[in-house]
Amino acid sequence: MVIPGSWQRAARGAGLLASDGRSAPTIFAEMSALATRTGAINLGQGFPDEDGPAEVLTAAVDAIRRGDNQYPPGIGIADLRLAIAEHQERFYGIRLDPDREVLVTAGATEAIAATLLALLEPGDEVVTFEPFYDAYGALIALAGGVHVTVPLTGADFTPDPDALRSAVSDRTRVILVNSPHNPTGSVLPLETLELIVELAHRHDAVIVTDEVYEHLTFGVPHIPIASLPGARERTVSISSGGKTFNTTGWKVGWVMAPAELVTAILAVKQFLTYVNAAPFQPAIATGLRLGDDYFAGIAAGLQAKRDVLSAGLRTAGFDVAESRGTYFVVADAAPLGFTDAVDLCRQLPELAGVVAIPLSAFCRGEYAARTASLVRFAFCKRVEVLERAAAQLSGLRQRSTTR
C-alpha cells in the first residue's frame, strides 16, 4: 500500500513513523495507555480534572436548549468575535475589527494548521523554539515547510539571542512563537519578543503566536507580540478557551490578524472543519466577559497547584525548574540517578504510581540528547491528587539510593 506523501510528511514531522516507514505510537499515547492500565495518577496529559466556571457551562446548556445546534457562520458567531475583540482591548489595549480581523476555529491546533497551510509554500522555513509542542513539526511538514529550531537553554529555558538571529533568514516565512511555553513552563522576556519583531521586519517574515496559556502565568505578565510597536501588521495571534475555562474538549479557538491574513487563513479553514462548536461559541463569549477576579483567580489557583507538585518533586530528589506559566513543570531526574527520562517514565507507574512525559518527546536530534534526564509533569489537577502524587513520588529518593 502506498502512503500518501502529505500524510507521510506530517507523520515524520511528528515522529509518528518508525525507521521502516511503519506507524509508530507516540510516547504520549504510550504513557496514557500505561496510566489507564496501571491506574497510576496521570500527570502526563495536560487537561484539568475539574470543570470550568458555572456561568460558562450554563451558557452552553442554554445554547443547546434554545436550538444553537446547527452550523454557525464560517467565521464564527458574531457575539464570540465581538467578545474576543473586547477581550484583546480590555487586557492588552489591542483594537480589532471583529468582522474582519477575528476568525473562530476548532481549537488552537486547527488555527495553527490553517495558518501554516495558508502562508507556506514548499521549502519555506518556519522557525520555532525547541522543545516544541509536538503538533508544530507535523503541521509544518504537512504544509511542505522546513522546520528550523532554536534551543531554549538554561534554568529559565530562554533562547540565546545570537542563535535566534542565526536561525532567521530571508528563507524564513514564519516565526512560530509559543509563550507561555508548553512544555517548559517558561515565559519569553520582553527583549526576546522585541528581537523577534526586529527579525521579522528584517527578513519579511510573518509572526504566528500560540498564546493558549495567556491567562495562566505566575508572577510575570503575558505580553502579546501583537501589542509591541511594529508587530501587529505582520502577526497572526492564536488563542483558545480550553485552558482558560477548563473546557479543553470543546475545541473553541481563534485567530486574530490583519484582515488580509484572516481572509487567507479562512480560505483554508473552511476546508478543514468548515465550522464547529455551535453551542459552545456563545458559552466561550460568556467566559471572555467574566470579571477580573475570575482571571486573577485561575492564575493564583494554578500557581498554588504548581507549588504543591514542585515541592513534592524537590522532596523526592528532583531538580525542579521554576514554571512561570502553563500547566507544566520540568524536573531533572539526574540527581536521583536516572539519566534516561524515557526509561524512567516507563518505570514511574511501578515505582511511584505516577505517569509523566520525558521532555525529549518534544525535541529532536541533538537537543533530545541534551534533555535526556528531564521530565515534564502536569499540575492542572485537583490539589488532593497532586498531594497524593507528591507523597508517592517521595519514595523515589530512597529507591535511588539502593539502585
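Residues numbered from 1 in each chain as written. Predicted model: local features only at pLDDT ≥ 70, side-chain atom pairs only at ≥ 80, totals over all residues. Heavy atoms only, no water.

Note the cut-off: UniProt positions are given in the numbering used here, feature names are shortened, and annotations may be inferred rather than shown by experiment.
An unreviewed UniProt entry lists the protein under the name Pyridoxal phosphate-dependent aminotransferase, with Leifsonia tongyongensis given as the organism. Under Cofactor (unreviewed entry), UniProt gives the following word-for-word description of the protein: "pyridoxal 5'-phosphate". Among the UniProt annotations of the protein, the heading Sequence similarities (unreviewed entry) holds the following wording: "Belongs to the class-I pyridoxal-phosphate-dependent aminotransferase family."

1. Quick notes on the packing of helix 3 (residues 54-65) against helix 10 (residues 280-288)
Short version of the rule: Here an angle of 0 to 180 degrees is reported between the N-to-C directions of two axes, which are lines fitted to C-alpha atoms, with helices fitted over the stretch in contact. Going along the chain from the N terminus, every DSSP run of H or I of four or more residues is numbered as a helix, and every run of E of two or more is numbered as a strand. Here roughly perpendicular refers to angles of 65 to 115 degrees, roughly parallel to angles under 35, roughly antiparallel to angles over 145, and oblique to all remaining angles. Each helix crossing is assigned a hand: it is left-handed if the near helix lies turned anticlockwise from the far helix by less than a right angle, otherwise right-handed if that turn is clockwise. Pairs of residues are marked as contacts when any of their non-hydrogen atoms sit within 4.5 Å. In this classification, Asp, Glu, Lys and Arg are treated as charged, Ala, Val, Leu, Ile, Met, Phe, Trp, Tyr, Cys and Pro as nonpolar, and every other residue, Gly included, as polar.
As a packed pair, helix 3 and helix 10 sit with axes 8 Å apart at the nearest point and diverge in direction by 150°. On the basis of their axis angle, the class for helix 3 and helix 10 is roughly antiparallel. At the point where helix 3 passes helix 10, the crossing takes the right-handed sense. Note on element contacts: helix 10 touches helix 3 through F280, P282, A283, T286 and G287, opposite E55, V56, A59, A60 and A63. A class-by-class count of the residues in the contact of helix 3 with helix 10 yields 7 nonpolar, 2 polar and 1 charged.

2. Details of the sheet that holds strand 8 (residues 235-240)
Keep this limit in mind: Only strands joined by at least two bridges in the DSSP assignment are considered to pair.
Spatially, the 8 strands line up as an open sheet ordered 2-9-8-7-6-3-4-5, and their pairing is mixed. The open sheet has two edge strands, strand 2 (102-105) and strand 5 (158-159), and neither has a second partner. Pairing of strand 3 (residues 125-130) with strand 4 (residues 146-153), which is carried by 6 bridges, proceeds in the parallel orientation. The residue of strand 4 that forms the bridge with E125 is V146.

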